[in-house]
Amino acid sequence: MKATAAQLSALAPLAGLSAARVAELAEVAQTERIQRCADPLAGRLQGGHCVFLLTGEVLLSLQGGGTLVVVGGSDDTRHALNRRKEKLARAKAITDIEVLIIDDDLLDILAT
């Protein structure tokens, strides 16, 4: 499913982009539905993509201990789940979720 311009413009890294750039990104950005109990960050913790939570709830397990629940639509989801200050060990979808996955190189191109 394609991402909408409204979804994209709500994300912190894209807030400064022009409407034309957001529309351009909306043409190529895809959302992905992930089932409850799956790890939406599997294979994505090391980089290459930014993963944004759009809907649902995710449990983030931090390296060194501790957990954090992130809810789609909250301020926490304006930033990529895998680009948090805290180092993540893994994530688990508490509910069925929808995520937006954007290639890092594409973000760099659009931001310049």
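Going by the structure above, here's the rest.
Cut-off values and rules
Residues numbered from 1 in each chain as written. Predicted model: local features only at pLDDT ≥ 70, side-chain atom pairs only at ≥ 80, totals over all residues. Heavy atoms only, no water. 1 Å grid on protein atoms, 1.4 Å probe; cavity = no way out; pocket = protein on both sides within 12 Å on 5 of 7 lines; lining within 4 Å. Points joined across faces, edges and corners; volume = space filled by probe spheres on them. Nonpolar A, V, L, I, M, F, W, Y, C, P; charged D, E, K, R; others polar. Helix = DSSP H or I, 4+ residues; strand = E, 2+ residues; numbered from the N terminus. Contact = heavy atoms within 4.5 Å. Pairing = 2+ DSSP bridges. Axes fitted to C-alpha atoms, helices over the stretch in contact; angles between N-to-C directions. Buried < 20%, exposed > 50% of the residue type's maximum accessible area, 1.4 Å probe, protein only. Arc of directions from axis to C-beta. Polar contact = N/O pair within 3.5 Å; in protein donor to acceptor, adjacent residues only side chain to side chain. Salt bridge = Lys/Arg side-chain N within 4 Å of Asp/Glu carboxyl O.

### Notes on the layout of surface pockets
(1) Moving on: Its volume calculated, the largest pocket comes out at about 170 Å³.
(2) Moving on: Residue classes in the lining of the largest pocket are distributed as two nonpolar, three polar and four charged.

### A look at the environment of alanine 5
(1) Moving on: The topology assignment puts alanine 5 in helix α1 (residues 5-9).
(2) Moving on: Along the chain, alanine 5 and leucine 60 lie 55 residues apart, while their C-alpha atoms are 27 Å from each other.
(3) Moving on: Those residues in contact with alanine 5, other than ones at most four positions away along the chain, are Val22 and Ala26.

### Focus on the sheet that holds strand β5 (residues 88-93)
(1) Moving on: In space, the three strands of this open sheet follow the order β4-β3-β5, with antiparallel pairing throughout. Of all strands in the sheet, those bounded by a partner on one side alone are β4 (67-71) and β5. Strand after strand, the sheet turns through a mean of 25 degrees between neighbouring axes, direction not considered.
(2) Moving on: Strand direction decides the pairing type here: strand β3 (residues 57-62) and β4, joined by five bridges, are antiparallel. The partner of leucine 60 across the bridge, within β4, is leucine 68.

### Observations concerning helix α3 (residues 104-111)
(1) Moving on: Along α3, the residues classified as buried are Asp104, Leu107 and Leu110. Projected down its long axis, α3 shows its buried positions confined to an angular sector of 130 degrees, all on one face. Structural note: α3 exposes Asp105, Asp108 and Ile109 on the side pointing more than 90 degrees away from its buried face.
(2) Moving on: Buried positions along α3 lie against α2 (19-28), β2 (49-55) and β6 (97-103).
(3) Moving on: N-capping of α3 is provided by aspartate 103, with a side-chain oxygen placed 2.9 Å from the backbone N of aspartate 105.

### Remarks on the pattern of salt bridges
(1) Moving on: The tally for this structure, following the rule as stated, stands at five salt bridges.
(2) Moving on: Its salt-bridge partner being arginine 44, residue glutamate 32 comes within 3.3 Å of it at the nearest N-O pair. With glutamate 32 in strand β1 (residues 30-34) and arginine 44 in the loop between β1 and β2, this pair connects stretches of sequence that are 12 residues apart.
(3) Moving on: A relative accessible area of 31% means that glutamate 32 is categorised as partly exposed.
(4) Moving on: You can call arginine 44 buried: its relative accessible area is 19%.
(5) Moving on: For arginine 83, the salt bridge is made with aspartate 104, and the minimal N-O distance between the two is 2.4 Å. Separated by 21 residues along the polypeptide, arginine 83 in the loop between β4 and β5 and aspartate 104 in helix α3 bring together distant segments of the chain.
(6) Moving on: Assessed through its relative accessible area of 35%, arginine 83 is described here as partly exposed.
(7) Moving on: Using a relative accessible area of 18% as the deciding quantity, one classes aspartate 104 as buried.

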